[in-house]
Every structure is written in structure tokens, then in C-alpha cells.
Amino acid sequence: IRTITARIERIRELILEFHEDMDTPLGPFSPPDLSGYATIEQSAAVVREWLEIPQGRFDFSQWKKKVESKGVFVFMTSRYTDWSHVDREMLRGMAIYHPVLPIIVINDSDYAKAQIFTLIHELGHLLKKETAINDWSSDAQQEKWCDQLAGNVLLPGEWFKSMATGI
């Protein structure tokens, strides 16, 4: 994981250098401030609004584009030689916070629907301006919060209720 992280950081640096060379520097990552919201459901609604997510189904590529449009570098592990061997149980995803061009790494050998959940879970870490790399500094409360945020962003309770009741 350390090797992958170092390589991804180098790719990020190249992206930033490219934008500087082209006189199109990237702006700061500007997520919504979720600290003032009392419930995870409220925070998830703010995130959906920030990502401009309408009601309905999205596939992974659509979610990825929405997250990337907010200035996040989303990196898929098997896009580069020798990285597809990463075990999905060892690494489903990770978030590396930077004020400009933060990184989300997704293990694309994982199940397709799990990748969407992982993407939003890792976005949760970035929204809190934190780096989260598997087992390096596991905080159960933060992981639970990110899980709950992802679940509520992907399937808000009111949508679930309306689907269950047919309304």
C-alpha cells in the first residue's frame, strides 16, 4: 500500500505541474461544511446537492465524474501494470487529503456496486479533511460515520420509504 500511495502521489504531482505549465492551476478543494448539521441524513442531503445528484440510479462512472468535477483525483488501481493484484479485502479504497486535488483510490477488482459505496465512503473522509489509509490509523467512529454518509447519499431514507411503499 505504501508503494501504491507513493506512486499515486507522484502522479498527482505531475497533474499539478501540468496544470501550472498550462497556466490553468487547479483551485482548492471546496467541499461543503457539514459541521453544522445535526443528522447524517442532513449531511447526506447537502452532499447530494453539492454533487448535483438527482433522484435515480447512477452507475460508477457517473458517480466518479461527479466526484472528479469537485476537484478530486479518483485513481483506479488496475489501470497500471502490476497493480491489479491488490486484494480487495486488503484495500477497497483510501483517501488522501490535500487542500488542492485530494485523492481517492478505488480498487477496481472489487465488485462494481461496492466501488460506488467505497467512492462515497472515501469522499466522506475528504469532506472531513482527513486521510484514511487501510489499517494505518483506524478510527471506528470515523469509519462508521463515512459508512452512514455513503449509505444515505446513495439511498436517502425518503427514497427508500417511497420505493418500499410504492408512493
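What this report covers is the structure whose coordinates are included nearby. (Residues numbered from 1 in each chain as written. Predicted model: local features only at pLDDT ≥ 70, side-chain atom pairs only at ≥ 80, totals over all residues. Heavy atoms only, no water.)

1. Examining the packing of aromatic side chains
Part 1 of the reasoning: One pass over the structure, following the stated rule, counts four aromatic pairs.
Part 2 of the reasoning: Measuring from ring centre to ring centre gives 5.6 Å for F58 and W63, while their planes differ by 55°; the resulting arrangement is tilted.
Part 3 of the reasoning: Given the relative accessible area of 4%, W63 is considered buried.
Part 4 of the reasoning: One aromatic cluster in this structure is built from F29, W50 and Y97. (Phe/Tyr/Trp six-rings, centres within 6.5 Å; stacked < 30°, edge-to-face > 60°. Buried < 20%, exposed > 50% of the residue type's maximum accessible area, 1.4 Å probe, protein only.)

2. A closer look at the sheet that holds strand β3 (residues 103–106)
Part 1 of the reasoning: Pairing is mixed in the open sheet, where three strands are placed in the order β1-β3-β2. Of all the strands in the sheet, the pair left with one neighbour each is β1 (73–76) and β2 (93–96). The average angle at which neighbouring strand axes cross in this sheet is 15°, direction not considered.
Part 2 of the reasoning: Bridge count between β1 and β3: four bridges; the pairing is parallel. Paired with F73 across the two strands is I103, which belongs to β3.
Part 3 of the reasoning: Across the sheet, helix α1 (residues 2–21) touches β1, β2 and β3, and the angle it forms with β1 is around 135°.
Part 4 of the reasoning: Against the sheet, helix α3 (residues 60–68) touches β1 and β3, its axis set at about 145° to β1. (Pairing = 2+ DSSP bridges. Helix = DSSP H or I, 4+ residues; strand = E, 2+ residues; numbered from the N terminus. Axes fitted to C-alpha atoms, helices over the stretch in contact; angles between N-to-C directions. Contact = heavy atoms within 4.5 Å.)

3. Here we look at the pairing of β3
Part 1 of the reasoning: With burial as the criterion, each face of β3 is covered, one bearing I103 and V105 and the other bearing I104 and I106.
Part 2 of the reasoning: Bridge analysis of β2 against β3 gives four bridges, and the strand direction is antiparallel. Across the sheet, residue M94 finds its bridge partner in β3, namely V105.
Part 3 of the reasoning: Between β2 and β3, which pair antiparallel one after the other, the connecting turn spans six residues, and L101 there sits at a positive phi close to 55°.

4. Observations concerning helix α5 (residues 140–154)
Part 1 of the reasoning: Here α5 is 15 residues long and its end C-alpha atoms lie 21 Å apart, about the 21 Å a rise of 1.5 Å per residue gives.
Part 2 of the reasoning: All of the buried residues in α5 are Q142, W145, C146, L149, A150, N152 and V153. (Expected span 1.5 Å × (residues − 1).)

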